[in-house]
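A structural walkthrough
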Amino acid sequence: MILVVNAGSSSIKFKLYKSTGQAEPTPFVEGLAERITVDGALTLKIEGIKKEYNDKMPNHEAAVQAILNRFQENNVIKDVNDIKGVGFRIVHGGVKVVKPVVLDATMKKVVEDNIKLAPLHNPGALTAINAFEKNMPNAKLVGCFDTSFHQTMPPKNYLYPIPYEWFEEYSARKYGFHGISFDYITQKTAKIINKPVDKINLIICHLGNGASLCCVKAGKSFDTSMGLTPLAGIMMGTRTGDIDPSLHQYIAKQTGLDLEQITDILNKKSGLLGISGISSDMRDITAAVEQNNQKAALTLDMWSQRIADFIVKYANLLEGKVDAIILTAGVGENSRVANESILDKVKILNIKYDDKAMASGYDDYIKVSSSQSQYEIYKIRTDEELMICNETLKFLK
Ligand code: ADP
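Not measured: the values here are computed from a predicted model.

Inspection of the region around the ligand gives G208, N209, G210, D281, M282, R283, A329, G330, V331, N334 and S335 as its neighbouring residues. Take D281: an N or O atom from its side chain is 2.2 Å from an oxygen atom of the ligand. Summarising the interface, the protein chains cover 64% of the accessible area of the ligand, which totals 570 Å² for the free molecule. If you list the elements that add at least two residues to the shell around the ligand, you get α10 (282–290) and α12 (329–334). Per-element tally for the shell around the ligand: the top contributor is α12, with four residues. Looking at the shell around the ligand residue by residue, the class counts come to three nonpolar, six polar and two charged.

Another point: the UniProt feature "site: Transition state stabilizer" (unreviewed entry) in the protein. The feature "site: Transition state stabilizer" (unreviewed entry), as annotated in UniProt, sits at H178 and R239 in this numbering. For H178, the location among the structural elements is in the loop between α5 (164–170) and α6 (179–192). The residues contacting H178, other than those within four sequence positions of it, are D146, H206, G210, A211, S212 and M226. The topology assignment puts R239 in the loop between β11 (220–224) and α7 (247–255). The contact partners of R239, leaving out residues within four places of it in the chain, are G210, M226, P230, L231, L266, N267, S270 and G271. For R239, the side chain forms a polar contact with the main-chain oxygen of P230, separated by 3.3 Å.

Now for the nonpolar core. Formed by 45 residues in total, the largest nonpolar core has its most connected members in I203, L207, L213, W303, I307 and I311. For this core, the secondary-structure elements that each account for two or more residues are β9 (202–207), β10 (211–217), α10, α11 (294–317), β12 (324–328), α13 (336–343) and α14 (355–359). Here the element with the most residues in this core is α11; it accounts for nine residues. Discounting residues that sit within four places of it in the chain, I307 has contacts with C205, L207, L213, I234 and I342. Judged by nonpolar contacts, the second largest core, of 43 residues, contains L3, L44, A63 and V101.

All right, on to the sheet that holds strand β8 (residues 140–145) then. Spatially, the eight strands line up as an open sheet ordered β5-β4-β3-β2-β1-β6-β8-β7, and their pairing is mixed. Each end of this open sheet is capped by a strand with a single partner; those strands are β5 (49–53) and β7 (101–102). By the bridge criterion, seven bridges tie strand β2 (residues 12–18) to strand β3 (residues 26–34) in an arrangement that is antiparallel. The residue of β3 that forms the bridge with L16 is V29.

Moving on, we come to the packing of α6 against helix α15 (residues 384–394). Direction vectors running N to C along α6 and α15 enclose 80 degrees, while the axes themselves pass 9 Å from each other. In terms of orientation, α6 lies roughly perpendicular with respect to α15. Contacts between α6 and α15 involve I180, S181, D183, Y184 and Q187 from the former and E384, L386, M387 and I388 from the latter. Here the contact of α6 with α15 is built from residues that sort into five nonpolar, two polar and two charged.

Locating L231 in the fold gives a position in the loop between β11 and α7. Accessibility expressed as a relative area gives 14% for L231, which makes it buried. Sequence spacing of L231 and D258 is 27 residues, and the spatial spacing of their C-alpha atoms is 18 Å. Once residues lying within four places of it in the same chain are set aside, the contact partners of L231 are M236, R239, T240, G241, D242, L266 and N267.

As enumerated under the stated definition, the model contains six aromatic pairs in all. Ring geometry for F14 against F71: centres 5.8 Å apart, planes inclined by 75 degrees, an arrangement best described as edge-to-face. Of this pair, F14 sits in strand β2 while F71 is found in helix α1 (residues 60–73), placing the two residues 57 residues apart along the sequence. Relative accessible area serves as the criterion here: at 0%, F71 is assigned to the buried category. Ring geometry for Y158 and F167: centres 6.0 Å apart, planes at 45 degrees, overall tilted. Here Y158 matches F167 in class, with each residue buried. Three or more aromatic residues joined by ring pairs form one cluster here, namely Y158, Y164 and F167. Sitting above the plane of the Y158 ring, R173 keeps its charged end 3.6 Å from the centroid. Here the guanidinium or amino end of R381 rests over the ring plane of Y362, the centre of that ring lying 4.0 Å away.

What counts as what
- Residues numbered from 1 in each chain as written.
- Predicted model: local features only at pLDDT ≥ 70, side-chain atom pairs only at ≥ 80, totals over all residues.
- Heavy atoms only, no water.
- Near = heavy atom within 4 Å.
- Polar contact = N/O pair within 3.5 Å; in protein donor to acceptor, adjacent residues only side chain to side chain.
- Areas by Shrake-Rupley, 256 points an atom, 1.4 Å probe, with all protein chains shown as cover.
- Helix = DSSP H or I, 4+ residues; strand = E, 2+ residues; numbered from the N terminus.
- Nonpolar A, V, L, I, M, F, W, Y, C, P; charged D, E, K, R; others polar.
- UniProt positions renumbered as here; feature names shortened; annotations may be inferred.
- Contact = heavy atoms within 4.5 Å.
- Core = buried A, V, L, I, M, F, W, Y, C linked by side-chain atoms within 4.5 Å.
- Buried < 20%, exposed > 50% of the residue type's maximum accessible area, 1.4 Å probe, protein only.
- Pairing = 2+ DSSP bridges.
- Axes fitted to C-alpha atoms, helices over the stretch in contact; angles between N-to-C directions.
- Parallel < 35°, antiparallel > 145°, perpendicular 65-115°, else oblique.
- Phe/Tyr/Trp six-rings, centres within 6.5 Å; stacked < 30°, edge-to-face > 60°.
- Lys NZ or Arg CZ within 6 Å of the ring centre and 35° of its normal.

Quick look at the structure:
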């Protein structure tokens, strides 16, 4: 069995996979430990059946202990050694981590060193890694990083036009995120279109609450829309995406808010929520558009235009040699209105979608471009946990 973990400062989200070694690993338990350091709440879903517990979780170690105890009590495992590997999603690996790694002392130090670049994310991951290490001394602990996939970007794409010393002294550059998803989608698309991964050129639109695009050239990240932080790029649920970097200073002068306060608003109160005043959730925006809400229509228009612009930019970076355009994550996988709003704005590439396919249900992927389209378009369900599970399994062979 492999446990896949996504940990924050007060929560641990997890999924347990059975692996026979032959077929694709299958998840059979998932859950969430939350309110860690506050009081503690644990939810387990075992083969679809939900159970809730109020286990005390003064720290991450107690949370891990509670998860493992409840696994045992529910006969999910006989003892902790049944779980051979734990795969962690880690946000920031800086420039040193280019692929999944075993989380030994050196790699834990790398996670720690990158706290400066991901102060909201890396500390929780590190605390959780230590807690699992204590409770499961025999399991192989593996880290998959959201930034790794993008370490293949060339300097012209990852450097900002700022004083070069800021890059050298402070590591100020574009890193990009959602790399586990982009990696998964790249491999999956290669299988779907039957082309070797190292020959594939893609434009992947990961459109969740947080959202970014990746320009994949010869199977590797060539450019991506997020930057030093996940605030950059396209408009998101609550984040601005790209804006004038002087906005901070202007708003500070007008309002008296400080840098931290403004950054917080740009991250949590902007994007779909900021413009619409309705919600950060695309379902609410498209529902309001149907009710002829003008603010919602403007929000959708702004959102989709920014994504369309990136698609055109990336098609140019790929010199038109695009094997497929992929729509994925919550919005990309599901929202017909949002997807059509994007594709309707990509006029210059002569893409055409198939109305029926766009409206159709599907399992893991569906081709939505029509036979007249110059480029193929797919909706593909991303699966970051499965990707982490498979990467962890590789270290157990
Ligand atoms: P994240 O993992 O970044 O939190 P998700 O990938 O789950 O986000 O995507 C969340 C977004 O997906 C929300 O804006 C939500 O409205 C949208 N979404 C999820 N399911 C649907 C659906 N069936 N139809 C339209 N939009 C959907």
